[in-house]
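# Working through the structure, step by step
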Amino acid sequence: MGSLGIDPDLAPLPPKDVVVGIRTGKIRPFGGVKGLFSAINKQPRDGKIQLSIPGFVGDERQYIHHKSLDNAIHQYDPRHYAAWKKLLPEREHKFKIGAFGENMTSSYLTEENLCVGDKFRLGPEAIIQVTMLRQPCYKLNHRFEYKKMSNLIQKTGYTGWYYRVLKEGEVQEGDEIELIERINPRWSLTRLHHILYTDSNNLEAVAEISELEGLSNEFRILFRNRLSKGLENMGARLLGNFAVPWQSYKLIQKTPLTSRVQKFIFEAEDLTTDSEEDLKFGRFPHVRLRFGPDAKFTRAYSVVSGNLQRFELGIAKDDNSRGGSLFLHDDLKVGDVVEVAKGHNATIPIIAHDQEPGPTRHIFILGGIGVTAFIGEIKSLLKKESTSVEVHYAVRSREEAAYLSHLPAENTTVYAKSEGRRLDIDSLIPSPEDCRDCSKTLAYCCGPSSLLNACRDMTNKLGYPRSQTQYEDFGGVGTGTGEPFEAEIKATGQVLKVPREKSLLEILNEAGFEVDSSCMVGNCGTCTVDLCKGKVDHQGTALEDEQKETSMLSCVSRGKGRIVIDC
């Protein structure tokens, strides 16, 4: 007891609340993954909705355990969405009410002021009872296109909760939600979460929870099993078989732009997406293509324009092609179908151009087909007032300058090798002595490795932080080969042997982990995996020195002996 006679473990009483929204959903294909289904995409319902013992009429649940009467209603605190937008700003558009598949929304109920077994009157007739927290599963990884989303939900405690229905009735928006009985005042959902995932070896608490009145049967079994068998393995629930969501696209147009570059326009055949917002690409968009005989080629390309329904790529025939660009140029025909997955950029905290106060000078250094990486960004910046944009474009000849018409003529300088014009990096990127406020300057680069390395060396020399540089490279060829080693998967204990002639990335993908990748030469960071234990010969440039202590680039870096990773 506290000094004022108040038990500090007692959960605060929730204020009177009202139903803000009701949602129901049908089972349907999900995530663009073959064989994966879910009813998470729930739609708003208007008017009076019948609440029966199994849940709201018209609502479906695909997973067998979710069909329990203890899981009749899922509720989520809408205030969590603001926190998610700050945690994962690149996925901000996905965090809106309904995204977690909740059936019901109100304004004030949350994990902190709810307890196991709480009974509420819902509307004039219905009575519901809090049964348990939602345990996040791998389907949320697909929902938010982030392979560690379920793990992050578990860590934050922004899980939502379930009710069973004790008395049926009609419910509609605006109905009151009133607490009528609290039987476990010391067991808030927040405290339950702490024992479930943090203080999980507190057997005294585990035993107490397993006997709580009102607790779901699922949780009762889980906690009793902890007492008899120890802590359960959470890996399968959190990770599942996370795969890149490949979807089918048809080539509908193929047009030569120069002697080496062709325009390819692809259109989705049967796109599964939730909203117009989900069709949009983010900054510096790119996609992965899987194509060719037996889908042997996987390549990443920057998106010139469009959205996930229909988009344009500009692809150059590579002089040192391993077969990918050759096949696209010479063998892929209009009407042919390829597999496409939306690419995700490496997490680089580049300053957004809509921040206040934001950067005012933007320097783009482009080589050849590297122009495609920043066309969208340049067009967006040109709409901003008080923003300086300068484009430096190096090409073999003006005739080979693909997409030159997409660049602002008055802000673009072309360096054509055929005209004897050479792009001089030293003169393009200002030093701190040459500008009043270099923190207002952003440098962007995409092109051959020699150009990227020169830009990176110069910005490093001048002291530019990572937040003021953006490099894109999808055309290089990294080997990732070297001395053989072993990689143990932390979540499962599985040990993968990485032979001399293959990269860790190749072995992980062959084993079914489908690690995302883009540049394949260690420049972008897309293929980063967590390094939990062991020594690594780090290659590539995407990771800072401090990041190398806990991460590695699976496309080019190699372990020494045996390492433990989390992917």
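The rules behind each value
- Residues numbered from 1 in each chain as written.
- Predicted model: local features only at pLDDT ≥ 70, side-chain atom pairs only at ≥ 80, totals over all residues.
- Heavy atoms only, no water.
- Helix = DSSP H or I, 4+ residues; strand = E, 2+ residues; numbered from the N terminus.
- Buried < 20%, exposed > 50% of the residue type's maximum accessible area, 1.4 Å probe, protein only.
- Areas by Shrake-Rupley, 256 points an atom, 1.4 Å probe, with all protein chains shown as cover.
- Pairing = 2+ DSSP bridges.
- Axes fitted to C-alpha atoms, helices over the stretch in contact; angles between N-to-C directions.
- Left-handed = near helix turned anticlockwise from the far one by under 90°.
- Contact = heavy atoms within 4.5 Å.
- Nonpolar A, V, L, I, M, F, W, Y, C, P; charged D, E, K, R; others polar.
- Phe/Tyr/Trp six-rings, centres within 6.5 Å; stacked < 30°, edge-to-face > 60°.
- Disulfide = S-S within 2.5 Å.
- Parallel < 35°, antiparallel > 145°, perpendicular 65-115°, else oblique.
- Salt bridge = Lys/Arg side-chain N within 4 Å of Asp/Glu carboxyl O.
- pLDDT = per-residue confidence, 0-100.
- Polar contact = N/O pair within 3.5 Å; in protein donor to acceptor, adjacent residues only side chain to side chain.

### Thoughts on the overall build of the protein
For the protein, the count of helices and strands is 13 helices and 30 strands. Counting over 567 residues, the protein shows a buried share of 51%. In the form shown here, the protein has an accessible surface area of approximately 26200 Å², with 49% of it arising from carbon and sulfur atoms.

### Let's talk about the pairing of strand 15 (residues 247-256)
For strand 15 and strand 20 (residues 337-342), the ladder comprises four bridges, and the chain directions are antiparallel. Looking at the pairing, Y249 lines up with V338 of strand 20. Relative to strand 16 (residues 261-268), strand 15 runs antiparallel, the two sharing seven bridges. Across the sheet, the residue bridging to Y249 is A268, located in strand 16. Connecting strand 15 to the antiparallel partner strand 16 that follows it, the hairpin turn spans four residues.

### Describing the packing of helix 5 (residues 203-210) against helix 6 (residues 217-229)
It is the contact of helix 5 with helix 6, at a shortest axis distance of 8 Å, that shows an interaxial angle of 145°. The chirality of how helix 5 crosses helix 6 is left-handed. Here helix 5 contributes L203, V206, A207, I209 and S210 to the contact with helix 6, which in turn contributes R220, F223, R224, R226 and L227. Its residues placed into classes, the contact of helix 5 with helix 6 shows six nonpolar, one polar and three charged.

### Observations concerning the packing of aromatic side chains
In this structure the tally under the stated criterion is 20 aromatic pairs. An aromatic cluster is built from Y76, Y81, W84, F95, F100, F144 and Y158, whose rings are joined through pairwise contacts.

### Some points on the sheet that holds strand 13 (residues 169-171)
Read across the sheet, three strands follow the order 7-6-13 without closing on themselves; strand pairing throughout is antiparallel. Of all strands in the sheet, those bounded by a partner on one side alone are strand 7 (55-56) and strand 13. In this sheet, strand 7 lies alongside strand 6 (residues 49-52) in antiparallel orientation, the contact comprising two bridges. Residue pairing in the sheet places L51 in a bridge with F56 of strand 7.

### Looking at the sheet that holds strand 17 (residues 286-291)
Within the closed barrel, the six strands sit side by side as 15-16-19-18-17-20. Their pairing is antiparallel. Across the sheet, the mean angle from the axis of one strand to that of its neighbour is 45°, orientation sign disregarded. By the bridge criterion, six bridges tie strand 17 to strand 18 (residues 297-306) in an arrangement that is antiparallel. Paired with R288 across the bridge in strand 18 is A300.

### Focus: the state of the cysteines
By definition, a disulfide links the sulfur atoms of two cysteine residues through a covalent bond. Summed over all chains, the structure comprises zero disulfides. A disulfide-free cysteine, C445 has its sulfur positioned 3.3 Å from the sulfur of C455, the nearest such atom. Sulfur of C527: no disulfide; nearest cysteine sulfur belongs to C555 and is 3.6 Å away.

### Regarding the packing of helix 4 (residues 189-198) against helix 6
It is the contact of helix 4 with helix 6, at a shortest axis distance of 12 Å, that shows an interaxial angle of 45°. Here helix 4 lies oblique to helix 6, going by the angle between them. Regarding helix 4 and helix 6, the two cross each other, and that crossing is left-handed. For the pair helix 4 and helix 6, the contacting residues are L192, I195 and L196 in the first and F219, L222, F223 and R226 in the second. Here the contact of helix 4 with helix 6 is composed, by residue class, of six nonpolar, no polar and one charged.

### A few points about the pattern of salt bridges
In this structure the tally under the stated criterion is 21 salt bridges. With a closest N to O distance of 2.5 Å, E377 and R283 form a salt bridge. Taken together, the residues E377 in helix 10 (residues 375-382) and R283 in the loop between helix 8 (276-279) and strand 17 connect sequence positions 94 residues apart. For E377, a relative accessible area of 6% puts it in the buried group. Taking relative accessible area as the criterion, R283 reaches 27% and is therefore assigned partly exposed. Linking R361 and E390 is a salt bridge whose minimum nitrogen-to-oxygen distance equals 3.0 Å. One end of the pair, R361, is in strand 21 (residues 361-367); the other, E390, is in strand 22 (residues 388-395), with 29 residues separating them in the sequence. A residue is classified by how much of its surface remains accessible, and R361, at 26% relative accessible area, is partly exposed. A relative accessible area of 18% places E390 in the buried class. One salt-bridge network, in which partners are shared between bridges, spans E486, E488, K497 and R562.

### Topic: the confidence of the model for the protein
Summary statistics for the protein give a mean pLDDT of 86 and a share of 88% for residues scoring 70 or more. Contacts for the low-pLDDT stretch residues 1-5, under 50 throughout, to residues beyond four places or in other chains number four contacts. Counted against residues more than four places away or in other chains, residues 345-353, with its pLDDT under 50, gives 33 contacts.

### Topic: unusual backbone geometry
The phi torsion at F284 lies on the positive side, around 50°, for a residue other than glycine. On the secondary structure map, F284 appears in the loop between helix 8 and strand 17. One non-glycine residue with positive phi stands out, namely Y403, at about 65°. The residue Y403 is located in the loop between strand 22 and strand 23 (412-416) in this model. Judged by relative accessible area, Y403 falls into the buried class, the value being 6%.

### Re the side chain of R226
Checked against the element boundaries, R226 lands in helix 6. There is a polar contact of 3.3 Å between the side chain of R226 and the backbone oxygen of I195. Here L196 takes part through its backbone oxygen, which lies 2.7 Å from a polar atom of the side chain of R226.

### A closer look at the pairing of strand 20
As defined by bridge partners, strand 17 adjoins strand 20 across four bridges and the pair is classed as antiparallel. Looking across to strand 20, one finds that R290 is bridged to E339.

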